[in-house]
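Notes for the structure review
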Amino acid sequence: MPLDPGADRVPLWAALQTVADPNGELTPAQVDGRVAAGEAAPLPHANHAFGKWLPYPYWARLTLSNPDPQPQAWLLTYEVPTQDEVRLWIQDDQGQWVEVPQLENRPPLAPSAGLLYPAWRLKLQGGQAVNAMLRLDGYNLMRFPLFAVRNDAFLLTQGRLHLWIGLVLAVPLVVVLYVLTLIPVAADRSLPLFLAMAACEMLGAMWVSGAMHHLLPWLDRWQAGWLGWAGYVGLLGLSALHARVFLDTPADDPVADRLLRVGAWLWLVIVPLLAFLWPHTSRRMLVMGGTLYAFAMMVLALRHALRRPEVHRLLFLGVWGVYAFSGLLYVLYRLIELPIHVTLISNFVQGSLVASLLGCAVSVQILRKRNLLRASVVRARDRSLLYAAAQHDLLQPLQSVNLYAQALRHAPLREHERLLQGIDEAMRCVNDFMLSMQQLSLSKQPTPDLKVVRLDAVIDPVVHEFRQWTKSRLITLRYQRVERFVRTDVQLLQRMARNLLSNALRYTDEGGRILIGYRRRQGRLWLMVIDTGIGMSEADAARCFEAFQRGGELERVPEGMGLGLYSVKRIATLLGQSTVLTSVFGKGTAVGVSLTERTEACAARYRGTPVRARKSSPGS
């Protein structure tokens with residue numbers, strides 16, 4: 001084949017005559033004799049491959065000539081990075097075949113001095129023609145992408161390939177560095193497995209791209225091939241262990257968990273043993289077995305994604321979808337002889353996509369666990385606030401019992417019945433409260449027991465309790481009694497009323513006044529408690545419904561936990577109601593809770609009993 005002096009790159013496949021060497025015993029002279037005897041076969045096309053199932057050495061002979069009278073310098077390049085062994089012989093003037101060393105084998109040998117794929121230097125004098133012999137050996141398919149390339153074009157191509165390899169390998173490297181930052185803050189057993197998988201993926205990608213031989217040229221391509229093969233086999237084995245942790249199959253899917261354990265044993269133990277016994281089958285086991293395994297893992301991931309469609313499970317499905325597609329390309333590469341660059345590009349895209357998707361899946365899973373942890377912390381805080389508020393609310397009826405009991409000691413006989421009824425009412429509230437706390441401990445969120453009731457029947461007992469307190473504190477308590485109907489939870493409404501009255505009583509000095517009554521605002525009925533106490537500043541009023549927030553001077557009002565208005569707000573939210581507060585510092589505070597009002601006719605239909613209309617009285 002004449003080498004065009006004006007060309008930078010000349011494909012040589014059309015000039016090759018190939019000879020099979022099943023026993024690996026032929027010499028260049030013997031191959032030359034077979035070619036001369038017509039026993040060689042030309043390549044039918046550029047991507048033709050030999051040894052699809054049981055690879056053995058192949059030879060290719062060609063003749064190169066320089067049609068120009070001036071000398072020419074070329075590089076012969078065999079552009080397959082994963083071929084285990086490639087050797088070149090040139091026939092000298094005496095007809096002897098002399099092996100030409102590869103460029104990377106010339107001393108001195110330093111790190112990063114290797115080439116991505118084999119290359120040899122060739123010099124042709126003006127009008128000279130030389131015979132060349134190429135020998136391929138190894139466990140890969142036998143292809144002959146042989147080119148004659150000018151030195152400048154070769155350097156430019158190598159530079160571009162190095163740039164693309166660096167950019168593509170940077171993606172999994174960045175993901176690995178990101179995951180390393182997660183390990184100290186996330187106790188997740190899948191992270192070390194992910195890092196090991198990423199290391200294996202990068203090891204395999206460096207072999208396929210030729211970067212391993214470039215960085216470590218003292219490793220021959222046989223050794224680099226076994227390291228890359230081990231990287232991919234380790235990746236498949238570790239992926240089974242990673243899937244067990246990532247999908248939590250021991251708890252969610254025992255059958256899949258057993259299969260994944262079998263898969264880990266298969267790739268980490270059995271396949272390496274078979275490769276040791278029959279090394280010529282190693283690449284085929286990796287390609288065929290890995291593709292079947294990828295499809296099986298994709299089905300498993302799809303099954304779990306359908307059962308629990310969470311984001312990290314969908315991303316995990318995408319990971320195995322990429323692997324399955326890449327495996328399918330490798331199978332097609334062997335069956336229908338796709339171009340070599342298809343598998344090289346797919347390998348890089350696979351590595352980058354898998355690292356990105358799996359890194360995103362890990363991040364999403366970590367964020368999900370963090371959110372669950374935050375939610376558990378919030379639940380624990382809410383529960384602690386709930387029990388603190390419960391203690392606060394329970395203290396009020398118990399104090400009422402104490403006040404009634406003290407009043408009973410000194411009261412005349414005619415007052416005993418009224419005071420005993422007050423004790424019974426307070427103890428009934430304690431009993432109802434304890435039952436509600438028991439129900440709350442068995443469920444995540446209490447469900448209000450909504451009924452249509454008359455307001456005076458609900459609020460009157462609470463007012464009677466607090467009259468004992470206001471008398472002992474010399475505070476005037478006025479009650480605007482009405483006979484309207486509302487739909488509410490009786491116990492929860494009474495707890496809100498107790499908290500409002502207790503809060504007003506705590507911040508009102510002797511001689512002050514407290515009013516509990518009703519007001520219409522914006523078409524709604526509101527239960528209002530108004531006092532002439534110390535009031536609040538604007539800053540205190542803005543946060544008064546938060547837990548453990550107390551207004552006023554602590555020395556002046558030492559008792560209390562700052563949970564009264566918090567409890568009111570929490571119960572009102574549970575009932576779907578609103579709260580309102582207005583306060584003037586030094587003059588007093590008004591706090592209200594909205595109510596869902598029902599007409600008497602509606603209340604009668606709800607209860608199924610007739611209701612007799614009565615006039616409302618202002619109370620005492």
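All of these numbers come straight from a predicted model, not from anything done at the bench.

**As for the sheet that holds strand S9 (residues 119–124)**
With antiparallel pairing, the four strands of this open sheet are ordered in space as S1-S12-S6-S9. Of all the strands in the sheet, just strand S1 (9–11) and S9 have a single pairing partner and so form its edges. Between one strand axis and the next, the sheet turns by 25° as a mean value, whatever way the strands run. As paired strands, strand S6 (residues 72–78) and strand S12 (residues 146–149) are joined by four bridges and run antiparallel to one another. Bridging from a neighbouring strand, Tyr 78 pairs with Leu 146 of S12.

**Description of the pairing of strand S8 (residues 97–100)**
In this structure, strand S7 (residues 85–91) lies alongside S8, joined through four bridges in antiparallel fashion. Bridge pairing in S8 places Trp 89 opposite Glu 99. Between S7 and the antiparallel strand that follows it, S8, lie five residues; Gly 95 among them carries a positive phi value of about 85°.

**Looking at the confidence of the model for the chain**
Mean pLDDT over the chain: 81, with 82% of residues reaching 70 or higher. Low pLDDT, under 50, characterises residues 552–561; the stretch is placed with 18 contacts to residues that sit more than four places away or in other chains. Long-range and interchain partners of residues 608–620, a stretch whose pLDDT sits below 50, account for 24 contacts in this model, where long-range means more than four residues apart.

**Regarding the packing of aromatic side chains**
Scanning the entire structure with this criterion turns up twelve aromatic pairs. Taking the centre distance of 4.5 Å and the plane angle of 20° together, the rings of Phe 50 and Tyr 58 count as stacked. Each member of the pair, Phe 50 together with Tyr 58, is buried. Seen from their ring centres, Tyr 139 and Trp 226 are 5.8 Å apart, and the 70° between their planes marks the pair as edge-to-face. A residue pair is termed long-range when its members are at least 10 positions apart, and Tyr 139 in the loop between strand S10 (129–137) and strand S11 (142–143) and Trp 226 in helix H5 (residues 221–246) qualify at 87 residues. Judged by relative accessible area, Tyr 139 falls into the buried class, the value being 17%. Taken together, the ring pairs connect Phe 50, Tyr 56, Tyr 58 and Phe 144 into an aromatic cluster. One cation-aromatic arrangement involves Arg 9 over Phe 147; the distance from NZ or CZ to the ring centre is 3.9 Å. The ring of Trp 74 carries the charged tip of Arg 150 above its face, separated from the ring centre by 3.9 Å.

The rules we used
- Residues numbered from 1 in each chain as written.
- Predicted model: local features only at pLDDT ≥ 70, side-chain atom pairs only at ≥ 80, totals over all residues.
- Heavy atoms only, no water.
- Pairing = 2+ DSSP bridges.
- Helix = DSSP H or I, 4+ residues; strand = E, 2+ residues; numbered from the N terminus.
- Axes fitted to C-alpha atoms, helices over the stretch in contact; angles between N-to-C directions.
- pLDDT = per-residue confidence, 0-100.
- Contact = heavy atoms within 4.5 Å.
- Phe/Tyr/Trp six-rings, centres within 6.5 Å; stacked < 30°, edge-to-face > 60°.
- Buried < 20%, exposed > 50% of the residue type's maximum accessible area, 1.4 Å probe, protein only.
- Lys NZ or Arg CZ within 6 Å of the ring centre and 35° of its normal.

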